[in-house]
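What the coordinates show
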Amino acid sequence: MNQFDPEDPVNRLLGLTRREFFGRSARGVGALALASLMPSLALADVFQQSKGAVKYDHLPKAKRIIYLFQAGGPAQQDLFDYKPLLNKHQGEDLPATVRGNQRLTAMSANQAIFPLAGTPFKFSQHGQSGAWFSEVLTHLADCADDLCFVKSVFTDAINHDPAITFFQTGSQLAGRPSFGSWVSYGLGTTNEDLPAFVVLASVNKGDQPLYARLWGSGFLDSRYQGVRFRSGGDPVLYLSNPDGICGSGRRAMLDRLGELNKHEYRQELDPEIESRIAQYELAYKMQTSVPDVTDMSKEPAEVFELYGPDAHKPGTFASNCLLARRLAQKGVRFIQLYHQGWDQHGGLKAGITQQCKDTDQPTAALIKDLKRLGMLEDTLIVWGGEFGRTSYCQGPLGIDSFGRDHHPRCFTVFMAGGGVKAGTTYGRTDDYGYNIADADGNIMHPTKDVFTKGAVHVHDLQATLLWLMGVDHTKLTFPFQGRDYRLTDVHGHVVQDLMA
Amino acid sequence: MTLDRRRSKLVFVLASVSWVIGALVWPAQSIAHGTTTDTTPPKKVNFSRDILPVLSDKCFKCHGPDSESRMAGMRLDRADGAFANRSGKFPIVPGKPEHSMVVQRITSKDAPMPPPDSGKTLSQAQIKLLIEWIREGAEYDKLWSFEPLPKTIPIPQVKGAWPRNDIDRFVLARLQKEKLSPSPAASKPRWLRRVTLDLTGLPPTEKEISDFQKDDSPAAYETVVDRLLASPHFGERAAVDWLDAARYSDSYGYQSDLIMPVWPYRDWVIKAFNQNLPYDRFLTDQLAGDLLPNPTRDERIATAFNRLHRQSNEGGSIALEFKTAYAADRVDTFGTAVLGLTVGCARCHDHKFDPITQREYYQLFGYFNSIDEYGLLLSTEIVPSPSMLLPTPDQEAKLRDLHSACGAADDKLTQDRAAAEPAFESWLKSRPLTSTIPDVVAHFGFDKLDKDHFQNDLPGPAFGEKLGSVDTVTHKSRKAVSLDGDNGLAIRGLPAKERSDSFTWSFLVDDTRRDPTAEVLLHRTGGTDVGFCGFDLLLEDGHLTARVMRAWPGNAVAIRTNGQIPKGAWSHIAWSWDGSGRAKGLKLYIDGHLAESTVLEDSLWKKINAYGDLGDSRGDWTFSQRFRDKGFKGGEIADVAFATRALSPIEVAQLADGHSLTDALASHTPIQPLKEYFESAIDPKIRADRALVKSAQLALADGEEPVYEMPIMQETKKPVPAYLLARGNYDSPRNAQTLVRRDVPKALPPLECVGPNNRLALAKWVTRPDNPLTARVAVNRFWQMMFGTGLVETTENFGIQGSRPSHKELLDYLALRFIKSGWNVKALVKTIALSATYRQDSGRNPKLKDADPSNRLLARGPSFRLSAEMIRDTALSAAGLLYDKLGGAPVNPYQPAGIWQENNTMSPPFVQSKGPDLFRRSIYSTWKRTTPVPTMLLFDATSREACVVRRPMTNTPLQALALLNDVQYVEAARVLAELVLKREHSDQARIDLAFERLAGRKADPAEMAILMQTLKEQREIYAKTPDDAARLLKSGSTPPDASLSPVEIAAMTVTVQTILNSDAVIWRR
């Protein structure tokens, strides 16, 4: 094996070159990230991220994030944000005073009337906190007192592609780094042989698409890209040896390759060669570590029971939640799950019922499981979509066929663990569930430029999540287009009221 | 240094001569040569170099060009702001730091600047510099890159034989100043591989290597460079960088990420580089090819540059939002790719650092929004307008025939009409006295209901159907339907419609609301909620608009009535279409009279009906309803009739008043309308002629249908106004106050346009020799292509926050020569390639490692990892698999199954190419924006979603996995293994050959020993596991050579993989 021998004259030389190596690699990198690159050169450094001593802006409350992204825009009125008034005034036109002059999508902007649509689901209160849950969320209701609801999230975009891009990268324009890549750039990794940022998506969901840019690294180096883990076949693209190359053959070949590269290094004195040598070793390690972490066969039966029957089916949300927990245990910093299918323009009742069947139990299981393992306190779970849905019906109002259009003005996101105030709800909407309201229910008109207490813009949420990870969002920057660019652009306000 | 002085001198002379020989002509020496440059550093603090970056970084955010974020109204980016009298205090007093407020604040303990909460601090050195600058007089001047290029640039006089051309003199002068010396020249094979990869993206062949080795002539290097520049692969190599900048892609990006048909643009770029199109022409064609006099096909293809941005087809999208985003993307791309400026920063507010105001941003925007586009996308088949057809020569001939058939049919109709007098006269004599209107196949009074269906008064399959709940009210003796904007009325069972089918609609309408726009009647042949094609009739504030569309607005015919129908009263309207494909074939009648109309659009090609899964080719027409769109709120409709012919005016009048035709027949006057009636309705000969016109039109549309069509840029007849959009929002007020006039930023030379102020004027401005940016930016990018890093490291930003050039005089010198050479790209590249600077060995030595780790001083040759494309192309080329066909439709090489659709079921499926198309150069792979080819992305290729002029260069373990395990590379290794097994007979010779084909040189003894060992080990392994060997042979689609031993192939395959994965191959040094 070609582990580094510090006495090897080549490696002694390499020790000297590390400064140069980092000096160059980190050229133009913000001070925080630079600090995180310096401490040691373990194998993990070939992701050029650090392990161990990271310079945080403040003491982190969460060490990792599991982000359960619900793509398509879940209807807050049918899940958490209980609005009995809608049922009472079922079918009546949304009052113009409530609607205001806000833009609508081209799908419903031309409707002759905007009939209010009450939820088809029963709601009840749960836990000490008395949080409201729709009847389709029985498992999650069990966790009521672990959850921190934000009922007043708002966003800029009104259609899926721009909105999900904005939520995940802080900009509606393509080409910006994703949230996870910012975190792995800023904080590095806490494991030796897995990427810092892993992406999982439920299979066979259809509906609104996902795009490589959502976990891309944009103008950050591609080493910060999220690594997509797949179900079936190679968990990571190109992970397995080709058919006809056995483990010992590959090992022998890698040893010779290491010799060739070391020989090359002696000629060139280029530290990039050292980095390449190390990468091949990490790649080799990943060939074991990735299958190890994705092989869930040794999980006990009661764990599968906790996550529900789907947990046995690779690629389901349930299976991905369990895998996320395993990745979290291995120290993966940012685990991004996607679950598509929340775009209920029609057939809402059946649609939401199915979505909750997919996600309710596994989400609750993940919280319970982490709690059981003592990991909930430093693992931040985030649940939410790219926008909410309208309180009026899109198209004609039918009992089963009705649906809701996109609604960026207010929607619900919840968090759990990782330093957020458990068993609380922050922010509220008006009685129509159409606008963010103050504590007395009066309509507010928050903007992203000025923080309004009780309202949480996407950039505020991003700033808050980074803060929980120990990062000041105004300091996590990268020079782009001539300025120190950040995830929250020039916006974002940390919502201290959400902190435990 | 081991240079043979005599030889190097000779080479130098010839290299100098090469400036003026061959096709690659640089201008004769007109630049001052031989004056001594002062190599000692200037004593004075240099504003642009020393002060501006500090002010910009630390102060301009609050005290810079952006008026909105300016604090205390104080600006330090201009002398007038900095020297201003502020109630007896002065931010800066030239020569008197002690009286300058700025100095007090930056040295203050109590109220320091920058303020602590800004997160910015000034170092002691920076504070000293600022004070020194003020003491010296606080001279403000422009940023270096905004300064015009000097008229002459003295070339440093340096001693020694090292320089081969002027580049080297600049480089050497700087090195000497730093007490460094250049590195020795790279070995011949190393230089050859370097230059071959840089100029063609491919490794040198064995023959090229040996030819060069054998060539001892002084011109050997130049021979190589000339050969490479003449190779068609030069265009492919150079195009890659520009395609990144132009954000060229084969898919539209956004939601469904449909395939975008634009590859002829990619081929145009390749051709432009191969033909050495002067760079000013290269830019002009792309920016304004459509505005050149009588633009050629190529010049119009080039304009696709401004259509390569992403386009959305997501339902619910607001067209104006996206049209605004597209124009902004064009401005940003123009800014970055051409000017090297972050113009886009001024979209929402004045630029924080560079002298570009928000108003100036929208003045530039005004050049790029003047395009007749819809803003959203329907489907791959329906190319968003404006677009152009690119017929093959065969298709062109066929289209010519079809056009002349249309002309012949028109002529025959005209002739027969002229000759119809006798037939008309005789018909007139025997005319029936009761009026008949042939070809009316449906008539609805909405009082006959069969279940839910309205019954047709006439025999035939047509019927009416309510969409939603529809009320009827009594109208005269029959009924009218009332519409609320959401409900509607479908007329089903009418014949399906293509653009060549004629028809007339006649009905009564009451517009009770008079909305800005209402959809009255629609025959949708394709599209979704995002847009549609087909026939429709709109009421726009009382004006009737009739449209026949494939891709609105550019590929459509449409007219609008000049007059309005009354609000809140019944009118009779009729709409006819004769199937001719031209605007004159559309007619609108109000109350029985032909309405005066204005032509909105008059160019239609291809068919309008049935596209993929979007097609709705049934014969349905709907009143007041379009999927998720506005209907005809408050409208009432009665007495609906439909005919399968464009009725004559008197027939329309009869439908409107019930007597015009009857009266005319009875009285036999007026004659002309009766004649038109006869020709349209009665005369079998003329009816047959009209059928012929329609079938000729249909044949033409059928002939056009398979012709390749791509989006291009085309200026609207009247400029589309541009407005300053507050905060960059598309829905900001557009009014007289926000209206802006097209212009260029004032910090740059004035536009001075003669003729129309349009994109052509902008192109002329940008390529004028006195534009300080264009040439510098271009030269820098070509330098980056060959050195990995530009002379200005921030290729994308020549603004204040960009990096300063490492060799400013050299950059200016090259830029000046570039312009004087007639923007000769190949000559520029050749000069760089033949320089001693480029020829240096890239190996480091301990001194350089510390003195200049990133090689900004150029004391060694450039080394960097091969690009994503080069790595794959090298593997294919070495294996002999590369199919080096130039250009054409994109191909789909190996990639893991299903990844286009795994998270995007709206995406078209990935279908892997077959045969040689699996082995095309990577530039021809389908670039899919939301799911780029994984191995390309892993090696830092861009997704092409936005303009990028500098790729990052990373090393990750995922790259290792791809090179080790991706079938592409396994197959290439195996095929190369078979090749060497057949060609050579000893292990050593085989390894040597493989090594040379991949790494461009022979393995040295140490490498050979390692590889011999590899082969031996692998042979032992596979001898024990022959099944594994057999399985490895199945990699890829190329069948293994049955005459070779599977164990031998397998062992050699792994050996070749070892080489392929080694630094010697993946890096170019």
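Structure report, in brief. (Residues numbered from 1 in each chain as written. Chains lettered and ligands numbered in written order. Predicted model: local features only at pLDDT ≥ 70, side-chain atom pairs only at ≥ 80, totals over all residues. Heavy atoms only, no water.)

A short note on the pattern of salt bridges
Summed over the entire model, instances satisfying the criterion amount to 110 salt bridges over all chains. Between A:K205 and A:D358 there is a salt bridge, and its shortest N-O distance comes to 2.8 Å. Within this pair, whereas A:K205 is found in the loop between β5 (197-201) and β6 (227-228), its partner A:D358 is found in helix α12 (residues 348-372), the two being separated by 153 residues in sequence. B:R768 is the partner of B:E752 in a salt bridge, and the nearest nitrogen-oxygen pair spans 3.7 Å. Here B:R768 lies in the loop between α23 (759-766) and α24 (774-787) and B:E752 lies in the loop between β22 (739-740) and α23, a separation of 16 residues in the sequence. Overall, B:E752 belongs to the exposed group, its relative accessible area being 59%. A single network of salt bridges, built from pairs that share partners, joins A:E299, A:R325, A:R326, A:D369 and A:R372. (Salt bridge = Lys/Arg side-chain N within 4 Å of Asp/Glu carboxyl O. Helix = DSSP H or I, 4+ residues; strand = E, 2+ residues; numbered from the N terminus. Buried < 20%, exposed > 50% of the residue type's maximum accessible area, 1.4 Å probe, protein only.)

Section: the packing of aromatic side chains
Residues and elements named next belong to chain B. This model, assessed by the stated rule, comprises 77 aromatic pairs over all chains. Summarising the aromatic geometry, the rings of Y361 and F365 are spaced 6.3 Å apart at their centres and angled 40° between planes, so their arrangement reads as tilted. Linking Y361 with F365, this pair stays in helix α16 (residues 358-368), spanning 4 residues, or about one helical turn. Overall, the relative accessible area of 0% leaves Y361 in the buried class. We classify F365 as buried; its relative accessible area is 6%. Ring centres 6.4 Å apart and planes at 15° place the aromatic pair F503 and F642 in the stacked group. Taken together, the residues span a long stretch of sequence, with F503 in strand β9 (residues 503-511) and F642 in strand β19 (residues 635-643) at a distance of 139 residues. F503 sits in the buried class, given a relative accessible area of 0%. (Phe/Tyr/Trp six-rings, centres within 6.5 Å; stacked < 30°, edge-to-face > 60°.)

Observations concerning the packing of helix α31 (residues 957-965) of chain B against helix α32 (residues 967-983) of chain B
All names here are of chain B. As a packed pair, α31 and α32 sit with axes 5 Å apart at the nearest point and diverge in direction by 45°. One element, α31, and the other, α32, form an angle in the oblique class. Together, A962, L963, L964 and N965 of α31 and V967, Y969 and V970 of α32 make up the contact between the two elements. Of the residues assigned to the contact of α31 with α32, the class counts are 6 nonpolar, 1 polar and no charged. (Axes fitted to C-alpha atoms, helices over the stretch in contact; angles between N-to-C directions. Parallel < 35°, antiparallel > 145°, perpendicular 65-115°, else oblique. Contact = heavy atoms within 4.5 Å. Nonpolar A, V, L, I, M, F, W, Y, C, P; charged D, E, K, R; others polar.)

Some details on the nonpolar core
Counting 158 residues, the largest nonpolar core has B:W133, B:L199, B:W242, B:Y265, B:F273 and B:F282 as its most contacted members. If one sorts the elements of this core by residue count, α24(B) sits on top with 9 residues. Once you skip the residues sitting within four places of it in the chain, B:W133 turns out to touch B:V45, B:F47, B:I51, B:L55, B:I92, B:A138, B:E139 and B:Y140. Counting 136 residues, the second largest nonpolar core, distinct from the first, contains A:F80, A:C143, A:V290 and B:A941. (Core = buried A, V, L, I, M, F, W, Y, C linked by side-chain atoms within 4.5 Å.)

Concerning the environment of B:N165
Residues and elements named next belong to chain B. Along the chain, the position of N165 falls in the loop between α6 (124-135) and α7 (166-177). Residue class for N165 comes out buried when judged on its relative accessible area of 2%. With 17 residues separating them in the primary sequence, N165 and P182 have C-alpha atoms 14 Å apart.

Some words on the sheet that holds strand β17 (residues 597-603) of chain B
Residues and elements named next belong to chain B. In space, the 10 strands of this open sheet follow the order β3-β4-β5-β8-β18-β10-β11-β12-β13-β17, with antiparallel pairing throughout. Because the sheet does not close on itself, it has two edges, and the strands there are β3 (449-450) and β17. Inspection of the sheet shows strand β13 (residues 555-561) paired to β17 by 6 bridges, in the antiparallel sense. Residue pairing for β17: T561 is matched across the bridge by S597. (Pairing = 2+ DSSP bridges.)

A short note on the interface of chain B and chain A
Counting residues at the interface gives 94 residues for chain B and 87 residues for chain A. On the chain B side of the contact with chain A, B:R628, B:R844 and B:N903 bury the most area, a combined 9% of that side's loss. Taken together, the links from chain B to chain A amount to 11 salt bridges. Measuring nitrogen to oxygen at the nearest pair gives 2.5 Å for the salt bridge that ties B:E902 to A:R230. Among the elements of the structure, α15 (319-339), α28 (846-851), α30 (934-938), α31, α34 (1005-1024), α35 (1026-1032), α36 (1046-1060) and α37 (1063-1066) of chain B are those that each provide at least two residues to the side of chain B that touches chain A. Considering every element that reaches the side of chain B that touches chain A, the biggest residue donor is α34(B), with 10 residues. Looking at the side of chain B that touches chain A residue by residue, the class counts come to 36 nonpolar, 29 polar and 29 charged. (Buried area = accessible area lost by both parts, 1.4 Å probe.)

Re the environment of B:Q363
All names here are of chain B. Residue position: Q363 is located in helix α16. Separated by 377 residues in sequence, Q363 and V740 place their C-alpha atoms 5.9 Å apart. Those residues in contact with Q363 that lie beyond four places of it in its chain are V740, R741, R742, D743 and K746. Among the polar contacts made by the side chain of Q363, one reaches the main-chain carbonyl oxygen of R741 at a distance of 3.2 Å. (Polar contact = N/O pair within 3.5 Å; in protein donor to acceptor, adjacent residues only side chain to side chain.)

Structural notes on unusual backbone geometry
All names here are of chain B. W552 connects to P553 through a cis peptide bond whose omega is 0°. Here P553 shows up in the loop between β12 (543-551) and β13. A cis amide bond links T669 with the next residue in sequence, P670, at an omega value of -10°. The backbone phi angle of A138 is positive, close to 50°, even though this residue is not glycine. Within the fold, A138 resides in the loop between α6 and α7. With a phi close to 75°, D940 is a non-glycine residue in the positive phi region.

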